[in-house]
Protein chains: 2
Amino acid sequence: MNTEIWKEPVTISSFDVGASGCLEPTYLMKHLQEAAAKHAIVLGVGFEELKKDNIFWALTHLQVEIERWPLMMEQVTVETWPRNIQKLYTTRDFLVKDKSDNILIRASSAWIMVDISRKRPVRPYDRLQNKPFVPAIMALGDFPTTLNRIPDNIKLTEHRRQVVYSDLDINHHVNNTRYMEWLMDAIDPTNIEITSFNLHFSNEFRKGEAVNIKTGKPNTDTNHLIFEIEHQSTGKTGCSGEIYFKPIQQ
Amino acid sequence: MNTEIWKEPVTISSFDVGASGCLEPTYLMKHLQEAAAKHAIVLGVGFEELKKDNIFWALTHLQVEIERWPLMMEQVTVETWPRNIQKLYTTRDFLVKDKSDNILIRASSAWIMVDISRKRPVRPYDRLQNKPFVPAIMALGDFPTTLNRIPDNIKLTEHRRQVVYSDLDINHHVNNTRYMEWLMDAIDPTNIEITSFNLHFSNEFRKGEAVNIKTGKPNTDTNHLIFEIEHQSTGKTGCSGEIYFKPIQQ
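To keep things clear, this report deals only with the structure shown in the data block.

What counts as what
- Residues numbered from 1 in each chain as written.
- Chains lettered and ligands numbered in written order.
- Predicted model: local features only at pLDDT ≥ 70, side-chain atom pairs only at ≥ 80, totals over all residues.
- Heavy atoms only, no water.
- Helix = DSSP H or I, 4+ residues; strand = E, 2+ residues; numbered from the N terminus.
- Rg over C-alpha atoms; globule rule 2.2 N^0.38 Å.
- Buried < 20%, exposed > 50% of the residue type's maximum accessible area, 1.4 Å probe, protein only.
- Contact = heavy atoms within 4.5 Å.
- Areas by Shrake-Rupley, 256 points an atom, 1.4 Å probe, with all protein chains shown as cover.
- Axes fitted to C-alpha atoms, helices over the stretch in contact; angles between N-to-C directions.
- Parallel < 35°, antiparallel > 145°, perpendicular 65-115°, else oblique.
- Nonpolar A, V, L, I, M, F, W, Y, C, P; charged D, E, K, R; others polar.
- Buried area = accessible area lost by both parts, 1.4 Å probe.
- Salt bridge = Lys/Arg side-chain N within 4 Å of Asp/Glu carboxyl O.
- Least-squares fit on C-alpha atoms with pLDDT ≥ 70 in both.
- 1 Å grid on protein atoms, 1.4 Å probe; cavity = no way out; pocket = protein on both sides within 12 Å on 5 of 7 lines; lining within 4 Å.
- Points joined across faces, edges and corners; volume = space filled by probe spheres on them.
- Pairing = 2+ DSSP bridges.

**Focus: the overall build of chain A**
Then, number 1: Across its full length, chain A carries 4 helices and 11 strands.
Then, number 2: Taken against the 2.2 N^0.38 rule, which gives 18 Å for 250 residues, the C-alpha radius of gyration of chain A at 18 Å falls within 12% of a compact globule.
Then, number 3: Dimensions of chain A, computed from C-alpha atoms along their principal axes, come out at roughly 50 × 45 × 30 Å.
Then, number 4: Counting all 250 residues of chain A, 53% fall into the buried class.
Then, number 5: Within chain A, residue pairs in contact and separated by at least 24 positions form 70% of the contacts whose partners lie at least 6 positions apart.
Then, number 6: Accessible surface, chain A: about 12,000 Å² in total, of which carbon and sulfur atoms supply 47%.

**Regarding the packing of helix α1 (residues 25-42) of chain A against helix α4 (residues 177-187) of chain A**
Residues and elements named next belong to chain A.
Then, number 1: Closest axis-to-axis distance for the α1/α4 pair is 8 Å, and the angle between their directions is 170°. Considered as vectors, α1 and α4 are oriented roughly antiparallel to each other. Contacts between α1 and α4 involve Pro25, Thr26, Tyr27, Met29, Lys30 and Gln33 from the former and Thr177, Met180, Glu181 and Met184 from the latter.
Then, number 2: Looking at the contact of α1 with α4, its residues break down into 5 nonpolar, 3 polar and 2 charged.

**As for unusual backbone geometry**
All names here are of chain A.
Then, number 1: The phi dihedral of Lys119 falls on the positive side, at around 55°, and the residue is not glycine.
Then, number 2: Relative to the assigned elements, Lys119 resides in the loop between β5 (103-115) and β6 (120-122).
Then, number 3: The exposure class assigned to Lys119 is exposed, which follows from its relative accessible area of 73%.

**Overview of the interface of chain B and chain A**
Then, number 1: Each side of the interface is counted separately: chain B has 34 residues, and chain A has 34 residues.
Then, number 2: Together chain B and chain A conceal approximately 3,000 Å² of surface at their shared face, both sides included; 61% is due to carbon and sulfur atoms.
Then, number 3: For chain B, the biggest contributors to the area lost against chain A are Phe15, Ala19 and Tyr165 of chain B; these three give 27% of the whole.
Then, number 4: If you look at where chain B meets chain A, you find 4 salt bridges.
Then, number 5: For the side of chain B that touches chain A, the per-class residue count stands at 14 nonpolar, 11 polar and 9 charged.

**Comments concerning the relation of the copies chain B and chain A**
Then, number 1: Once turned by 180° and shifted 0.0 Å along the axis, chain B lies on chain A with an RMSD of 0.0 Å. Such a combination of turn and shift is consistent with a two-fold rotation axis. Residue Arg161 of chain B, judged by its C-alpha, is the member of chain B lying nearest the rotation axis, at 5.3 Å.
Then, number 2: Same-surface contact between copies: 100% of interface residues of chain B are shared with the interface of chain A.

**What to know about empty space enclosed by the protein**
Then, number 1: All chains considered together, the criterion is met by 3 cavities of 30 Å³ or more.
Then, number 2: Lining the largest cavity are 38 residues, and of these Tyr27, Lys30 and Arg178 of chain A together with Tyr27 and Arg178 of chain B sit closest to its centre.
Then, number 3: Of the residues that constitute the lining of the largest cavity, the class distribution is 14 nonpolar, 12 polar and 12 charged.
Then, number 4: Its volume calculated, the second largest cavity comes out at about 50 Å³.
Then, number 5: Listed by contribution, the elements that provide at least two residues to the lining of the second largest cavity are α1 and β3 (75-86) of chain A.
Then, number 6: Each residue belonging to the lining of the second largest cavity can be placed in one class, and the counts come to 8 nonpolar, 1 polar and no charged.

**Describing the pattern of salt bridges**
Then, number 1: Following the criterion strictly, the structure yields 36 salt bridges over all chains and no others.
Then, number 2: Arg83 of chain A is paired through a salt bridge with Asp93 of chain A; the nearest N and O atoms lie 2.6 Å apart. Of this pair, Arg83 of chain A sits in strand β3 while Asp93 of chain A sits in strand β4 (residues 89-97), and the two are 10 residues apart along the sequence.
Then, number 3: The partner of Arg83 of chain A in a salt bridge is Asp142 of chain A, and the shortest N-O contact between them spans 3.5 Å. One end of the pair, Arg83 of chain A, is in strand β3; the other, Asp142 of chain A, is in the loop between α3 (125-128) and β7 (157-162), with 59 residues separating them in the sequence.
Then, number 4: With a relative accessible area of 43%, Asp142 of chain A lands in the partly exposed category.
Then, number 5: One network of salt bridges, with partners in common, ties together Asp167, Arg178 and Glu181 of chain A together with Asp167, Arg178 and Glu181 of chain B.

**Regarding the environment of Phe205 of chain A**
Residue and element names in this part refer to chain A.
Then, number 1: Its place among the elements puts Phe205 in the loop between β8 (192-201) and β9 (210-216).
Then, number 2: On the accessibility criterion, Phe205 (0% relative accessible area) is buried.
Then, number 3: Through-space distance from the C-alpha of Phe205 to that of Ile229 is 10.0 Å; in sequence the pair is 24 residues apart.
Then, number 4: Ignoring any residue separated from it by four or fewer positions in sequence, one finds Phe205 in contact with Val163, His173, Val174, Tyr179, Trp182, Val211, Ile229, Glu230, His231 and Gly238.

**Side note on the pairing of strand β3 (residues 75-86) of chain B**
All names here are of chain B.
Then, number 1: One ladder, built from 6 bridges, connects strand β1 (residues 6-11) with β3; its direction is antiparallel. Among the inter-strand pairings, Trp6 is bridged to a residue of β3, identified as Thr80.
Then, number 2: As defined by bridge partners, β3 adjoins strand β4 (residues 89-97) across 9 bridges and the pair is classed as antiparallel. For Val78, the partnering residue across the bridge sits in β4 and is Val96.

Now the structure itself:
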């Protein structure tokens, strides 16, 4: 079996679809990460395997470009492959295709391996040197685009919330898919369609923490929104990102 | 193919599992309803089919008893079958079984068909008379147990929240699985394991609405919690329910 490119069939369930009537960004992130997790298991570097050495995969960057959001009950295929090792980062790309093999969504991600006991990243090369990387096929660029700091002159809107039980995953951290949900709830995307988003994950959140979600538009003319999700107690950034969108004609 | 009892294989994903390390109630509800929806399609009374006549299925009662919560990556089977027509209600039962065919979870649900244009229930008999009901097999009782009104002498704790974008489903209503999530966030179930829950859904919520979640213990000695989720503006109950649980030894 060719395991270089993993192909995961996914039927978009009614629960993957929100008020937009299409797959929601949060649930897209889940499907991408679920496909990545399954592929990692097959490649011998899955959750359970790495856990034996106290090592976990941590997603640091995720860049996504959407051609068309899948509809409820639509059958799509998530294709994913590890692309490269770049210093401490391992890059992994994704394509979501429809039944006619049209590309609906392109994504690129970067991950680090973290030694939980030592609380520091592990160099991935030793564990991954014999794995089937596919550097020649790029879904987007060579590495997820890095984000600029939010310029000081931009007016930011603040939205506050608290980390609750349902935000947590098995590791008792806020699952990264929740950040996109927090952003959606803060901006209320009822009249927009997201055409791309780019996220950078830094400091994790834990239960009970107060969260500041700061959003702003670098240019009032463009459909571009930048945001930072901050730990209220320390001011540290937990997740930063940006989205591009287009208005929906209603 | 025998379509009387639908058997849906489900692998518990990392996203179905929360801080408990096991399948979370919210995601159990999703899997039950997803299996029911697929079975309804096969039986010719699925979402798209009924929508042609402006009719929707609405879940009114859900009673669940848990023997053991499935673990992450565990492969289970959701079995479901329509059991009976009882006046305006159609009952549907569920069993969740592990790989060795042990019953992990039993559930019983009641549904009404609602004519959205007329905003009233439709008698289900005409549409369902030739369908393969299985009245002889009961997962729990004959009908989901009805709930008593909360006695006046019980001290209730109030938790407030607002309906946000991510609470909504394709119909722009709060999806019923969210009520269980709201309850989990209100009570913080970190040190308990839910052994059964029983929900009754009445008045739906819409975006921006203020929500009151009232919880209380009928008897301080027992591991039994009752709750009502109220529309703050009208005082109407949107969802009422109860859970039984056991403490987790940590």
